[in-house]
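Residue-level listing of the chains:
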Amino acid sequence: MLEIKNLKAYIDTSDGVVKAVDGVSFSIKPGETIGIVGESGSGKSVLAHSIMQLNPKPPTFYPEGEILFNGKNLLQLKEKELRKIRGNEIAMIYQDPMSSLNPVFKIGDQLMEAILTHHSMPKSKARQRAIELLTDVGISDAEKRFNSYPHQFSGGMRQRVLIAIALACNPKILIADEPTTALDVTIQAQILELMKSIQEKYGTAIIIISHDLGVVAQMAEKVLVMYSGRIVEKGNVEDIFYHTSMPYTWSLLRSLPRIDSESRTRLLNIEGQPPNLIHPPSGCNFHPRCPFATDQCKTVDPQLSKRSADHSAACILSEEEFNEAKKRIEKGEQERRMEHV
Amino acid sequence: MLRRKRNLIPFLFLILLLLATITAEWWLPVSPSFMDSNQRLMAPSSKYWFGTDHFGRDLFGQTIIAARVSLLVGFTVALLSTILGTITGLIAGYYKKLDAIIMRIIDGMLAFPSLLLALALVAALGGSITNIIIALTFSFWPVMTRVVRSSVLQVKNIQYVEAAKTSGVKDPVILTKYILPNVLSPIIVQGTFIFARSILAEAALSFLGVGVEPSIPTWGNMLQESQIYITMAPWFSIFPGIFIVATVLSLNILGDGLRDAFDPYSQGKKKRKKQPFKQKKQYAS
């Protein structure tokens with residue numbers, strides 16, 4: 001349904017061209033959930049905005065690539081045609097529910113606006129649909145809440161309203177850009193649960209963007225790991241979490257606190273900083289921070305290569321070499337820890 | 001906002017002045033245009049509260065009638081420059097490409113002192129109420145454009161505007177429904193200030209002799225005529241002067257009041273009734 005081919009989104013700044021998205025390809029089928037993970041500045045949001053064609057142009061430009069949505073290349077559509085797709089076929093939910101609603105209009109009016117933008121129908125019918133949607137996203141007493149203003153709602157409820165707005169036109173794809181980052185953990189779980197049930201009911205495909213691996217593990221079937229504007233590993237949740245074969249993903253996973261960890265050790269972090277996207281490092285972008293890096297990594301730029309049917313990673317190490325190196329590092333760490341004790 | 005005493009007095013003053021000047025013909029004891037040639041330049045008395053001018057006309061009536069022009073000019077200029085300034089400000093703030101063009105024109109206009117610009121325009125167009133309104137609007141709306149533009153720049157980066165774009169809302173709707181209502185408060189406040197400034201500017205223009213034709217009583221015209229008599233009949237200049245000051249001051253105080261009322265951060269300064277601290281009852285065990 002949506003297919004992205006070798007997409008490049010560069011941003012022209014006074015210091016040089018930032019390669020925010022640098023050759024990303026993936027596709028999504030109806031009803032599927034894809035998770036995109038990566039640290040801040042890895043190009044996740046620029047990628048999402050490219051799909052909506054909402055990156056300000058200029059400074060953003062697309063030197064290469066295609067975003068095919070049902071056969072149409074979104075990069076070549078005119079603003080008017082794009083507007084028909086935005087909200088109607090592809091909708092988006094934002095990170096911060098506190099600032100994503102217009103403070104001066106009632107919740108219900110904003111929902112009706114979303115419905116009436118794409119469908120002409122009598123107001124009474126739109127109102128009915130709006131109340132239905134509010135009920136669908138779990139707002140009790142929707143009839144009454146229809147006339148509330150955003151400031152009368154809590155963060156979780158606002159996120160529900162935003163989901164309702166996103167669903168207003170029954171979109172085929174829902175892009176959720178860090179939908180739970182601004183919410184506390186219990187509300188996070190509720191919102192994720194809600195998104196899942198909505199997906200079952202409406203058959204919407206979801207692209208969930210997050211730096212929270214837990215959220216992605218819970219929601220997604222497929223995962224894309226992004227680093228410095230590229231996909232460095234992609235595969236099913238199983239593959240990514242249990243058959244990790246890219247040092248960056250492995251480091252990310254290791255930097256999570258684990259409830260089942262046997263010793264009270266310090267949280268591991270990834271040394272260094274995300275690369276400068278104007279002058280990316282030579283060879284593999286990750287090599288300055290990679291614990292596995294060899295001299296070869298400074299010159300060879302690895303492309304995504306298959307590890308199994310659906311699983312591919314961008315690293316010069318093969319799976320066996322990687323596993324061996326992994327063991328070596330873990331062993332070394334353990335020894336160091338023992339010395340400390 | 002009117003709950004505060006500080007704002008109530010200027011508000012009442014303006015309302016009273018407006019009502020008085022509209023209904024002046026019905027209640028003034030002496031017609032303001034009646035010339036009592038025996039009573040020229042008389043000091044304030046029980047018959048002529050503010051005294052009389054060099055033609056023996058009642059200065060009280062004149063001062064009240066003169067408020068018509070001042071308020072009319074002030075209000076119209078405020079309204080027109082608000083409309084013009086809001087439209088240009090919204091466009092300049094929202095569309096980056098037009099921003100450069102509009103703002104350079106505005107900067108050019110702001111380079112002239114506003115009164116000087118108005119003076120030159122009135123001198124070129126000729127003095128009449130319409131021309132004064134045109135000239136003052138022309139010199140005051142660039143300020144409004146700046147204010148609106150800067151607020152739009154802030155608001156347009158808030159996520160709900162982007163969220164509206166993502167749901168396919170058209171630009172005109174975004175501008176009128178998402179941005180305009182959220183920048184309304186600085187617009188209203190700035191509008192009040194333009195009101196006050198244009199009353200002052202109109203008086204200044206008339207005083208300089210390029211304003212409204214001398215046959216129409218305005219505060220500026222009165223001051224202009226009274227110049228020569230200032231040592232003989234100081235009340236001739238004092239009373240119109242007091243009215244100009246009072247009106248402008250009232251409008252400025254109201255403007256400040258509006259700003260406080262719209263500014264969420266100044267709400268905390270409101271006097272709250274202090275709740276007496278209740279001590280929890282302690283139960284002895």
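Residues numbered from 1 in each chain as written. Chains lettered and ligands numbered in written order. Predicted model: local features only at pLDDT ≥ 70, side-chain atom pairs only at ≥ 80, totals over all residues.

Now for the overall build of chain B. Scanning chain B from terminus to terminus reveals 11 helices and zero strands. Along the chain direction, N to C, the helices and strands of chain B fall in the order α-α-α-α-α-α-α-α-α-α-α. Taken across its 285 residues, chain B has 39% of its residues classed as buried. Pairs at least 24 apart in sequence give 68% of the contacts found in chain B among residues at least 6 apart. (Helix = DSSP H or I, 4+ residues; strand = E, 2+ residues; numbered from the N terminus. Buried ≥ 20, exposed ≤ 12 C-beta atoms within 10 Å, placed from the backbone. Contact = placed C-beta atoms within 7 Å.)

One recurring pattern in soluble globular proteins is that nonpolar side chains are buried together. Counting residues in hydrophobic clusters, the biggest one holds 150 residues, and the most contacted among them are Leu111, Ala164, Ile175, Ile207, Val225 and Val232 of chain A. Broken down by element, the residue count for this core peaks at 12 residues, all from helix α3 (residues 59-94) of chain B. Among the domains, domain 1 (2-220) and domain 2 (244-340) of chain A are the pair contributing at least three residues each to this core. (Core = buried A, V, L, I, M, F, W, Y, C linked by C-beta atoms within 7 Å. Domains from an automatic or database assignment.)

Here the focus is the domain arrangement of chain A. Residue and element names in this part refer to chain A. Per the domain assignment, the segments making up chain A are domain 1 (2-220) and domain 2 (244-340). Put simply, the middle of domain 1 and the middle of domain 2, counted by C-alpha atoms, are 32 Å apart. Every contact between the two is made by 10 residues of domain 1 and, on the other side, seven residues of domain 2. Take the side of domain 1 that touches domain 2: its biggest share by element is five residues, from strand β2 (residues 16-28). Class assignment for the residues of the side of domain 1 that touches domain 2 results in four nonpolar, three polar and three charged. (Nonpolar A, V, L, I, M, F, W, Y, C, P; charged D, E, K, R; others polar.)

Let us now look at the UniProt feature "transmembrane region" (unreviewed entry) in chain B. Residues annotated by UniProt as "transmembrane region" (unreviewed entry) correspond here to residues 69-95, 115-141 and 233-254 of chain B. Along residues 233-254 of chain B the backbone is 95% helical and 0% strand, and the end-to-end C-alpha distance reaches 33 Å. (UniProt positions renumbered as here; feature names shortened; annotations may be inferred.)

Okay, the pairing of β2 of chain A next. Residues and elements named next belong to chain A. As paired elements, strand β1 (residues 2-13) and β2 share 10 bridges and run antiparallel to each other. Considered in β2, the bridge of Tyr10 is made with Lys19. What sits between the antiparallel neighbours β1 and β2 is a turn of two residues. (Pairing = 2+ DSSP bridges.)

When the UniProt feature table is mapped to this numbering, "domain: ABC transporter" (unreviewed entry) covers residues 2-253 of chain A. Helix makes up 38% of residues 2-253 of chain A and strand makes up 28%, while its end C-alpha atoms are separated by 28 Å.

Our focus in this paragraph is the sheet that holds strand β5 (residues 72-73) of chain A. Backbone hydrogen bonds hold the strands of a sheet together, and the pairing may be parallel or antiparallel. Residues and elements named next belong to chain A. Strand order across the open sheet formed by four strands is β2-β1-β4-β5, with antiparallel pairing between neighbours. Unpaired on one side and paired on the other, β2 and β5 mark the two borders of the sheet. The sheet contact formed by β1 and strand β4 (residues 60-69) spans seven bridges and is antiparallel. Opposite Glu3, over in β4, you have Leu68 as the bridge partner. Packing against the sheet, helix α1 (residues 44-52) makes contact with β1, β2 and β4, and its axis sits at approximately 70° to β2. (Axes fitted to C-alpha atoms, helices over the stretch in contact; angles between N-to-C directions.)

What follows covers the environment of Pro58 of chain A. Note on placement: Pro58 of chain A falls in the loop between α1 and β4. Each C-alpha atom, one on Pro58 of chain A and one on Tyr10 of chain A, is 10.0 Å from the other, the two residues being 48 residues apart in sequence.

In the UniProt entry, the feature "domain: ABC transmembrane type-1" (unreviewed entry) is given for residues 67-255 of chain B. Regarding residues 67-255 of chain B, the helix share stands at 81% and the strand share at 0%, and the terminal C-alpha atoms are separated by 20 Å.

What follows is about the pairing of strand β9 (residues 222-227) of chain A. Residue and element names in this part refer to chain A. Where burial is concerned, most of β9 is hidden: six out of the six residues are buried. Side chains of β9 alternate between two faces, with Lys222, Leu224 and Met226 and Val223, Val225 and Tyr227 buried alike. Alignment of strand β3 (residues 33-37) against β9, held across four bridges, turns out to be parallel. Across the sheet, the residue bridging to Gly35 is Val223, located in β9.

All names here are of chain B. Chain-level statistics for chain B give a pLDDT mean of 85 and a share of 91% at 70 or above. Low confidence marks residues 268-273, where pLDDT is under 50. Its contacts with residues over four positions away, or in another chain, come to zero contacts. The complex model carries a pTM of 0.77, and its ipTM stands at 0.75. (pLDDT = per-residue confidence, 0-100.)

Another point: the sheet that holds β9 of chain A. Residue and element names in this part refer to chain A. Overall, mixed pairing links the eight strands, which are arranged β6-β7-β8-β3-β9-β10-β12-β11 in an open sheet. Single-partner strands in this sheet number two, and they are β6 (90-93) and β11 (305-306). As defined by bridge partners, strand β10 (residues 230-236) adjoins strand β12 (residues 312-313) across two bridges and the pair is classed as antiparallel. Bridge pairing links Glu233 to Ala313 in β12. Running over the sheet, α1 touches β3, β6, β7 (173-177), β8 (205-210) and β9 and is turned about 150° from β7.

A few words on the interface of chain B and chain A. One frequently used descriptor of interface size is the decrease in accessible area upon assembly of the parts. Listed per partner, the contact involves 14 residues of chain B and 21 residues of chain A. Classifying every residue of the side of chain B that touches chain A by side-chain character gives six nonpolar, five polar and three charged.

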